[in-house]
Structure formats: C-alpha cells, structure tokens
Amino acid sequence: QVQLVESGGGLVQAGGSLRLSCAASGDTFSSYTMGWFRQAPGKEREFVAAITWNGGSTYSADSVKGRFTISRDDAKNTVNLQMHSLKPEDEAVYYCARREFNSFSYQTEKSYNDWGQGTQVTVSS
C-alpha cells in the first residue's frame, strides 16, 4: 500500500495560481496512473486530472482544461497539479489518488484504491 500526502493548498485570489504536490511513499509509484480529484462542500468528489504511469498521457476534466496541468516526477515520487486562472468554483479539498483498478474509467473514484488526506484550496473573489 502506498501513502499519499498532498501539500500546496491555500488561499488565493481569483485569477491566481497554486501548485499542489502529492508525495508518495511505501510502495511502487512509477507503475501506476495517478489522479487528482476535488470535493467542494455539499458536492460529490469529482475528477480533475490524471496522468498515466509513464507520463505519456494526461487527462483533464473539461472544467479545468487549459488552466490545470498534471505532471509527475517518478524520481521524487511526486505528482503535481499546476493550477492557473483559479476561479471561485475551483474551491475545494483536493485529493491525489493512485489508480489500481483499470477496469473502471480513470475518471471514477472506484478506479483508485489509495487516497491522500486532501489539501484545501480556497479561492477568494
């Protein structure tokens, strides 16, 4: 099992940028697709972005396309989410996760087995 710890959240003005990081330890990291999800108060957790095991492919939700970029550094066992042009609707707790069940879509939670504790992103308007 892998342990995932997110960092980099905080308070930012609308239009600003933040970079989230997720550090993995305890198990193989480089062989897995990694994803970012977010959950706003009163809403279900939703897919944000994913990156395949070799970094060859990335996927983003339509709501963040062109603004958020996912990347990974397997040498450091980290996956990052660079967020630009933040909007109030981006405010949420952001979670990273390791995908283990490839029979489900990378966009669904049940495709992921290991989750971090989350980091809060607050966007002021």
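Residue numbers restart at each chain and count upward from 1, following the sequence in its written direction. Thresholds applied to this predicted model are a pLDDT of at least 70 for local features of residues and 80 or more for the giving and counting of side-chain atom pairs; totals over whole chains, interfaces and linings are not thresholded and use all residues. Just so you know, side-chain values use all the structure's heavy atoms and leave hydrogens and water out.

> Help me understand the pattern of salt bridges in this model?
For side chains bearing opposite charge, pairing can occur when the charged atoms are close. We count a salt bridge whenever a side-chain nitrogen from Lys or Arg sits within 4 Å of a carboxyl oxygen from Asp or Glu. What the rule picks out here adds up to 8 salt bridges. Put simply, Asp90 and Arg38 hold a salt bridge, and the shortest N to O gap is 2.9 Å. One end of the pair, Asp90, is in the loop between β8 (78-83) and β9 (92-99); the other, Arg38, is in strand β4 (residues 34-39), and 52 residues separate them in sequence. Burial classes follow relative accessibility: with a 1.4 Å probe on protein chains only, a residue under 20% of its type's maximum area counts as buried, one over 50% as exposed, and anything between as partly exposed. Overall, Asp90 belongs to the buried group, its relative accessible area being 0%. Across the pair Arg98 and Glu100 runs a salt bridge whose closest N-O atoms are separated by 3.6 Å. One connected set of salt bridges, linked through shared partners, spans Arg38, Glu46, Arg67 and Asp90. Secondary structure is summarised from DSSP: a helix means a run of H or I of at least four residues, a strand means a run of E of at least two, and numbering begins at the N terminus for each.

> Which parts of the structure should I look at to understand the state of the cysteines?
Chemically, a disulfide is nothing more than a covalent bond linking the sulfur atoms of two cysteines. The definition used for a disulfide is geometric: two cysteine sulfur atoms within 2.5 Å. Within this structure, the stated rule accounts for 1 disulfide. Paired through a disulfide, Cys22 and Cys96 show a sulfur-sulfur distance of 1.9 Å. On the sign convention where negative means left-handed, the S-S torsion of about 45 degrees between Cys22 and Cys96 marks this disulfide as right-handed. Taken together, the positions of Cys22 in strand β3 (residues 18-25) and Cys96 in strand β9 put the pair 74 residues apart, joining distant regions of the chain.

> Help me understand the sheet that holds β8, please; the structure alone is not making it clear to me.
Sheet strands line up and pair through hydrogen bonds in the backbone, either parallel or antiparallel. Judged by pairing direction, the sheet is antiparallel, and its 4 strands sit side by side in the order β1-β3-β8-β7 without closing on themselves. Each of the sheet's edge strands pairs with one partner strand only, and the pair in question is β1 (3-7) and β7 (68-73). Pairwise comparison of adjacent strand axes, ignoring direction, gives a mean angle of 15 degrees for this sheet. Strand pairing is assigned whenever DSSP identifies at least 2 bridges connecting the two strands. Helix axes are fitted to C-alpha atoms over the stretch in contact, other axes to C-alpha atoms as well, and angles between N-to-C directions run from 0 to 180 degrees.

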